[in-house]
Amino acid sequence: MKVVSVVGARPQLIKLAPIAAAFARTEHEHVIVHTGQHYDADLSDVFFSGLGIPDPDVHLGIGSGSHGVQTGKALAALDPVFMAEKPDWVLVYGDTNSTLAGAVSAVKLHLPVAHLEAGLRSFNRRMPEEHNRILTDHAADLLLAPTEEAMRHLAAEGLAERSVLAGDVMVDVCLGVRDAVLAGTHPAPALPEGVSPDEPYLLATLHRAENTDSPERLTALVDALANLPVPVALLAHPRLLAKAEEYGVKLARGALHVGRPLPYASMVAAVLGSTGVVTDSGGLQKEAYLLGRPCTTLRPETEWIETLVGDWNRLVPEPAALTPGEWADIATRPAPTTERGTPYGDGRAAERVVSILAQR
Ligand code: UD1
């Protein structure tokens, strides 16, 4: 079997790591195509080197642009790659513009497409990721769902016959890296200046278009983080830096200390070293949950609803609507004592994905 994986953005590289490792343990041929949607070393290269992913076989270098331009460029560049490779499966990951481009190019060339992390829904039609997920699921031949909830969403859209519960490959990579970090095989993470690993701190990220692309909303969220009573390590995505600059929003003030995005193992170590996480990232919500740190999510909804059980994750779309005391109490709440269970699977999802693809 020959499988072409299409990736382009940071969260896809994290999911690619356990899949590439699972393929490497088999005789199957695995070709990695990087669209180049993310090109900064912090968002791309460090994940290949840090997670031991083989270099991409093909790099399309599409870069940034509006949704149409970015998706269109990737689509046009993928056609000749797929025609040359003629894979048995095209495997697309998650919900970025690179995911959608991979699915559309493949389906139009009559190549079988599998979607990893299928069936997630926020039911927020303003999110670019929601468009990408729905369109990709409906284009794909095989839907590899991470959770029972994702399976229910797919069934509700008439896609049950194409869906398989595979588990979540992020568990594979997160728990493996956690064990290595706890065993002391990784150096301490580079926290932003002013944040001491020996004192309590919160770890924060903010990059979703819904949060960064309006001056009012970005100002309100940054104010809320800056006013917290403990140091906040803000690992700033380039989109956040670009928008803060454009709108004249100062990030480094009050409790806020700004640092660069971290490589994966450092991120896991930084979560483990923190007292909690404040974020709008999907992946980080789940990593906080898997690593046993309380998470506060700066969004009105989450695709990972399992994290909300037992107050491990709390949705706070408008911190400014709370009193400063209420907001601080939520963001700094201690880790719950409730059991988390294993709603995301057993950490062997990648192997399962490879064998499902081979069987079909
Ligand atoms: C993309 C995904 C989002 C995912 C996120 C993870 C889409 C629609 N969104 O959002 O689902 O959570 O990746 O990080 O695909 N930029 C750089 N260097 C880079 C990449 C981007 O400076 O290497 C800046 C540019 O200003 C660019 C902006 O970030 O315009 C946005 O990048 P883009 O890839 O369009 O979306 P993300 O916000 O990264």
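Residues numbered from 1 in each chain as written. Predicted model: local features only at pLDDT ≥ 70, side-chain atom pairs only at ≥ 80, totals over all residues. Heavy atoms only, no water.

**A look at the domain arrangement of the chain**
For the chain, the domain assignment lists domain 1 (2-168 + 345-359) and domain 2 (179-331). The C-alpha-based centres of domain 1 and domain 2 are spaced at 26 Å. In this assembly, 22 residues from domain 1 lie in contact with 17 residues from domain 2. Here domain 1 and domain 2 share an interface that buries about 1,700 Å² over both sides, 59% of which is from carbon and sulfur atoms. When the area that domain 1 buries against domain 2 is broken down by residue, the three leading residues are Arg10, Asp42 and Met127, summing to 24%. Between domain 1 and domain 2 we count four salt bridges in total. Arg260 is the partner of Asp42 in a salt bridge, and the nearest nitrogen-oxygen pair spans 2.9 Å. One can count five residue pairs in polar contact (both at pLDDT 80 or more) joining domain 1 with domain 2. Of all elements in the fold, only helix H1 (10-24), helix H2 (45-50) and helix H5 (128-139) reach the threshold of two or more residues within the side of domain 1 that touches domain 2. Considering every element that reaches the side of domain 1 that touches domain 2, the biggest residue donor is H5, with three residues. Of the residues belonging to the side of domain 1 that touches domain 2, the class tally is nine nonpolar, four polar and nine charged. (Domains from an automatic or database assignment. Contact = heavy atoms within 4.5 Å. Buried area = accessible area lost by both parts, 1.4 Å probe. Salt bridge = Lys/Arg side-chain N within 4 Å of Asp/Glu carboxyl O. Polar contact = N/O pair within 3.5 Å; in protein donor to acceptor, adjacent residues only side chain to side chain. Helix = DSSP H or I, 4+ residues; strand = E, 2+ residues; numbered from the N terminus. Nonpolar A, V, L, I, M, F, W, Y, C, P; charged D, E, K, R; others polar.)

**A look at the sheet that holds strand S6 (residues 142-145)**
If you walk across this open sheet you meet the seven strands as S3-S2-S1-S4-S5-S6-S7, and the pairing is parallel. Only two strands of the sheet have a single neighbouring strand rather than two, namely strand S3 (58-59) and strand S7 (163-165). With four bridges connecting them, strand S4 (residues 89-93) and strand S5 (residues 113-116) associate as parallel partners. Paired with Val92 across the bridge in S5 is His115. Its contacts with the sheet put helix H4 (residues 97-108) on strand S1 (2-7), S4 and S5, and the angle it makes with S4 is roughly 160 degrees. (Pairing = 2+ DSSP bridges. Axes fitted to C-alpha atoms, helices over the stretch in contact; angles between N-to-C directions.)

**Details of helix H13 (residues 324-331)**
Every buried residue of H13 is listed here: Trp327, Ala328, Ile330 and Ala331. Viewed along the axis of H13, the buried residues span an arc of 160 degrees, placing them on a single side of the element. Lining the buried residues of H13 we find strand S8 (202-204), helix H9 (215-226), strand S11 (276-279), strand S12 (295-297) and strand S13 (313-315). (Buried < 20%, exposed > 50% of the residue type's maximum accessible area, 1.4 Å probe, protein only. Arc of directions from axis to C-beta.)

**Describing the site of the ligand**
The immediate surroundings of the ligand are formed by 21 residues, with His38, Tyr39, Asp40, Glu129 and Arg239 found nearest. Separating an oxygen atom of the ligand from a side-chain N or O atom of His38 is a distance of 2.6 Å. About the coverage of the ligand: the protein hides 87% of its 740 Å² of free accessible area. Among the secondary structure elements, those contributing two or more residues to the shell around the ligand are H1, helix H3 (67-85), H5 and helix H10 (238-247). Broken down by element, the shell around the ligand gets its largest block of residues, three residues, from H5. For the shell around the ligand, the per-class residue count stands at six nonpolar, 10 polar and five charged. (Near = heavy atom within 4 Å. Areas by Shrake-Rupley, 256 points an atom, 1.4 Å probe, with all protein chains shown as cover.)

**Description of the pairing of strand S9 (residues 232-235)**
With burial as the criterion, each face of S9 is covered, one bearing Val232 and Leu234 and the other bearing Ala233 and Leu235. One ladder, built from three bridges, connects S8 with S9; its direction is parallel. Bridge pairing in S9 places Ala204 opposite Leu234. Relative to strand S10 (residues 256-259), S9 is paired through four bridges, and the arrangement is parallel. Following the sheet pairing, Val232 is matched in S10 by Leu256.

**A closer look at the environment of Ala190**
Relative to the assigned elements, Ala190 resides in the loop between helix H7 (169-182) and S8. In this structure Ala190 comes out as exposed when scored by relative accessible area, which is 58%. For the pair Ala190 and Thr297, spaced 107 residues apart in the sequence, the C-alpha separation amounts to 23 Å.

**Quick word on the environment of Glu85**
Along the chain, Glu85 falls in helix H3. Distance from Glu85 to Val4, taken between C-alpha atoms, is 8.0 Å for residues 81 residues apart in sequence. Sequence-distant contacts of Glu85, that is, excluding residues within four places in its chain, are made with Lys2, Val4 and Val31. Polar contacts involving the side chain of Glu85 include one to the side chain of Lys2, which spans 2.7 Å.

**Let's talk about the state of the cysteines**
Tallied over the full model, the rule gives zero disulfides. Between Cys174, a cysteine without a disulfide, and Cys295, which holds the nearest cysteine sulfur, the sulfur-to-sulfur distance is 13 Å. Take Cys174: its relative accessible area is 0%, and that puts it in the buried class. (Disulfide = S-S within 2.5 Å.)

**A word on the environment of Gly63**
Among the structural elements, Gly63 can be located in the loop between S3 and H3. Exposure remark for Gly63: the relative accessible area of 13% places this residue in the buried category. In sequence terms Gly63 and Met83 are 20 residues apart; their C-alpha atoms lie 22 Å from each other. In contact with Gly63, other than residues within four places in its own chain, are Gly36, Gln37, Tyr39 and Gln70.

**Focus: the pairing of strand S2 (residues 29-34)**
Of all six residues in S2, five are buried; the element is thus mostly enclosed. Across six bridges, the pairing between S1 and S2 is parallel. For Val3, the partnering residue across the bridge sits in S2 and is His30. The β-α-β motif built from S1, the intervening H1 and the parallel element S2 has right-handed crossover chirality. (Right-handed = clockwise from strand over helix to strand, strands pointing away.)

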